Amino acid sequence: MKLIHTADWHLGQTFHGQERHAEHRAFLAWLLDTLVASQADALLVAGDIFDVVNPSLAAQELLYDFIVGAHERLPSLDIVLIAGNHDSGNRIELPAPLMRRLRTHALGRVRWLDDGTLDAERLLVPLTDATGETRAWCLALPFLRPAEVTGAALARHDDDDGPEAARNDYVAGITRVHRQLIAAAEARREPGQALVAMSHAHLHGAAVSEASERPIVIGGEESISAALFPPAIAYVALGHLHRPQQVGEARIRYSGSPLPLDFSEAGYPHQVVAVRLEGEALAVTETIPVPRPVAMHRIGPAPLETALAEVAALDDDPALPREQWPWLELQVELDAPMPDLRARVEAALEGRALRLLRLARRLPEVAGEAHPARVDLESLGPRKLFARTWEQRWGEPPGDNVLADFDRLCQDVLDADEEVTS
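Residues numbered from 1 in each chain as written. Predicted model: local features only at pLDDT ≥ 70, side-chain atom pairs only at ≥ 80, totals over all residues. Heavy atoms only, no water.

Side note on the pairing of strand E10 (residues 235-239)
For clarity, the cut-off: A simple rule labels every residue: compare its accessible area, found with a 1.4 Å probe on the protein chains alone, to the largest value its type can have, and call it buried under 20%, exposed over 50%, or partly exposed in between. Under the scheme used here, helices are H or I runs from DSSP no shorter than 4 residues and strands are E runs no shorter than 2 residues, and both carry numbers assigned from the N terminus. Here the rule is simple: two strands pair whenever DSSP picks up at least two bridges between them.
Burial runs high along E10: 5 of the 5 residues are buried. Taking every second residue as pointing to the same face, both faces of E10 are buried, with Tyr235, Ala237 and Gly239 on one and Val236 and Leu238 on the other. When strand E9 (residues 194-200) meets E10, the two strands line up parallel, connected through 5 bridges. Counted as the bridge partner of Val196 is Tyr235 from E10.

Right, here's the structure in full:
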């Protein structure tokens, strides 16, 4: 059985205010060709399909056009989608009845039965080979929000209990869900059928990207152990972290994002993972590099003349459509303020098929001079901005309990947004 594992598409992402539909469309066209060339039996998409809980119509059209195209070219292909922390679970599941007619299974939420046990059956997706025989079961576990796995347990802790009690409830809830789902899968499968788990989570020891991943919940302390996935699970297809990596074992992998979602991600490879199963076991995994439809250049920090010389050496093709022009970030070191910096940079870019997205200035530190640092809100993010504001107000960094409270408030806002838009 052949599987393709991918995640973190972030359809609809705007890059410093610029749309990226052309890049995502190019990736999905390449992915469809790759599925056909490899004659894959299943495609696993491990969450963060969209960039926001309320994606644009254009972003949704990209997804549904891809699903229809995949079914037309590979009628026996099984597609399994799970919601990530950027997605609305309700929105992901809304067209599920229609998508099942296209052999696509969309799971956005976990549900509980009247006796308090997990409704595991709806999370178990049979994966079939070209003859229609079930060769594996996918344990399709969407991103778990605290309210889904802890219920009143999270709410009953008062301020005296502190954030550790809430975190323990959340991790215990995640552990319970995984164990019940794995037990149900082991009871359901027949001899010779493999188990493949798919989850959108942060595992202990996995490497995060520099700037583009926000903590899922509760200050990033929600990471779970790879020990949740016993040897009976032949392969674990993970989403959330944008850097491709295995966690401890070759069978436990983050595919990573197919495109760089920030300039900090431009330097490492982006890929999908091809997986081959033989019977109940993993036979081999292979990484398939994703062609980058739009180049991404990060220059500096460097003095202006040096930076402009590097820009001059970049390849560009004015004959390309503008949507394919490379993205450019320029970090310039200055000895003194230069009011006409942007004008000089734009003059150097005149006639070049390059798109300047970010121009950062770096001034020298002056001993003894107190001045507020310039804040780039987009790259800083709400958590770091809060920590800096707290430290300026109170003269010391916020404690772990304060940050945990802030993160829980942020998660409440995200969950409220999802309820409103779903």
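Now that the structure has been shown, we can carry on.
Digging into the environment of Glu23
Counted only if it meets this: Residues adjacent in sequence count toward polar contacts only when both atoms are side-chain atoms; beyond that, a polar contact is any pair of N or O atoms within 3.5 Å, and within protein one must be able to donate a hydrogen and the other to accept it.
As for its placement among the helices and strands, Glu23 is situated in helix H1 (residues 21-38). Between the C-alpha atoms of Glu23 and Gln324, which are 301 residues apart in sequence, the distance is 8.0 Å. A polar side-chain atom of Glu23 sits 2.9 Å from a polar atom in the side chain of Arg20.

Focus: the confidence of the model for the protein chain
Counted only if it meets this: Confidence of the predictor at the level of single residues is captured by pLDDT, which takes values from 0 to 100. A contact between two residues is defined here by any heavy atoms of the two lying within 4.5 Å.
On average, residues of the protein chain score 86 in pLDDT, and 85% of them reach the 70 mark or higher. Note that residues 152-163 has pLDDT below 50 and, in this model, 12 contacts with residues that lie over four places away or in other chains. Of the regions scoring below 50 in pLDDT, residues 213-221 engages in 32 contacts with residues more than four places distant in sequence or in other chains.

Points about the sheet that holds strand E7 (residues 124-128)
Inclusion rule: Between the N-to-C directions of two axes lies an angle of 0 to 180 degrees, each axis being a line fitted to C-alpha atoms and, for a helix, fitted only over the stretch in contact.
Here 6 strands make up an open sheet; going across it, the order is E7-E8-E9-E10-E12-E11 and the pairing mixed. The two strands at the open ends of the sheet, each matched to only one other strand, are E7 and strand E11 (245-247). Within the sheet, the average angular offset between the axes of one strand and its neighbour, ignoring direction, is 30°. Direction of pairing for E11 relative to strand E12 (residues 249-254): antiparallel, over a ladder of 3 bridges. Across the sheet, residue Gln245 finds its bridge partner in E12, namely Tyr254.

So, the packing of helix H8 (residues 304-312) against helix H9 (residues 341-348)
What counts, and what does not: For this classification, under 35 degrees means roughly parallel, over 145 means roughly antiparallel, 65 to 115 means roughly perpendicular, and everything else is oblique. For any helix crossing, the convention is left-handed if the near helix is rotated counterclockwise from the far helix by under a right angle, and right-handed if that rotation is clockwise. Under the scheme applied here, ten amino acids are nonpolar (Ala, Val, Leu, Ile, Met, Phe, Trp, Tyr, Cys and Pro), four are charged (Asp, Glu, Lys and Arg), and all others, including Gly, are polar.
Here H8 crosses H9 at 25°, and the two axes come no closer than 10 Å. It follows from the interaxial angle that H8 and H9 lie roughly parallel. Between H8 and H9 lies a crossing whose hand is right-handed. In this structure, H8 contributes Leu304, Glu305 and Leu308 to the contact, and H9 contributes Leu341, Arg344, Val345 and Ala348. Class assignment for the residues of the contact of H8 with H9 results in 5 nonpolar, no polar and 2 charged.

Section: the packing of aromatic side chains
Stated formally: The rule is short: rings of Phe, Tyr and Trp, with Trp giving its six-membered ring, pair when the centres are within 6.5 Å, and they are stacked under 30 degrees, edge-to-face over 60, tilted in between.
In this structure the tally under the stated criterion is 7 aromatic pairs. Between the aromatic rings of Trp9 and Phe66, the centroid separation amounts to 5.7 Å while the plane-to-plane angle is 85°, which identifies the pairing as edge-to-face. Of this pair, Trp9 sits in the loop between strand E1 (2-6) and strand E2 (14-15) while Phe66 sits in helix H2 (residues 57-73), and the two are 57 residues apart along the sequence. Residue classification places Trp9 among the buried positions, given a relative accessible area of 1%.

Quick notes on the packing of H1 against H2
For any two helices packed against each other, one specifies the inter-axial angle together with the distance between the axes. Where H1 contacts H2, the axes come no closer than 10 Å and their chain directions differ by 15°. In terms of orientation, H1 lies roughly parallel with respect to H2. As for the relative orientation of H1 and H2, their crossing is right-handed in sense. Along its contact with H1, which presents His21, His24, Arg25, Leu28, Leu31, Leu32, Asp33, Leu35 and Val36, the element H2 presents Ala58, Ala59, Leu62, Phe66, Gly69, Ala70 and Arg73. Tallied by class, the residues present in the contact of H1 with H2 amount to 10 nonpolar, 3 polar and 3 charged.

Things to note about the pattern of salt bridges
Think of it this way: side chains of opposite charge can pair up when their charged atoms draw near. Rules: Throughout this description, the term salt bridge denotes a Lys or Arg side-chain nitrogen within 4 Å of a carboxyl oxygen of Asp or Glu.
Tallied over the entire structure, the rule returns 16 salt bridges. Two residues, Glu93 and Arg122, come together in a salt bridge whose shortest N-O distance is 2.7 Å. Remark: Arg122 occurs in the loop between strand E6 (104-107) and E7 and Glu93 occurs in helix H3 (residues 89-93); sequence separation between them is 29 residues. For the residue pair Glu93 and Arg122, the accessibility class agrees, reading buried in each case. In this structure, Arg189 and Glu280 form a salt bridge, with 4.0 Å as the shortest nitrogen-oxygen distance.

Examining the environment of His86
Note on placement: His86 falls in the loop between strand E5 (78-82) and H3. Considering only alpha carbons, one finds His86 and Phe143, 57 residues apart in sequence, at a separation of 9.2 Å.

Concerning the side chain of His270
Among the structural elements, His270 can be located in the loop between E12 and strand E13 (271-278). For His270, a relative accessible area of 5% corresponds to the buried category. At a separation of 2.8 Å, a polar atom in the side chain of His270 contacts the main-chain carbonyl oxygen of Ser257. The contacts of His270, once residues within four sequence positions are left out, are Ser257, Pro258, Leu259, Pro260, Glu265, Ile288, Pro289, Val290 and Arg292.

Let's talk about the sheet that holds strand E14 (residues 281-289)
Read from one edge to the other, the open sheet built from 6 strands follows the order E6-E5-E4-E1-E13-E14, with strand pairing classed as mixed. Where the open sheet ends on each side, the last strands, each with one partner, are E6 and E14. Going from strand to strand, the sheet's axes swing by 20° on average, the running direction of each strand aside. Direction of pairing for E13 relative to E14: antiparallel, over a ladder of 8 bridges. Residue pairing in the sheet places Val275 in a bridge with Thr285 of E14.

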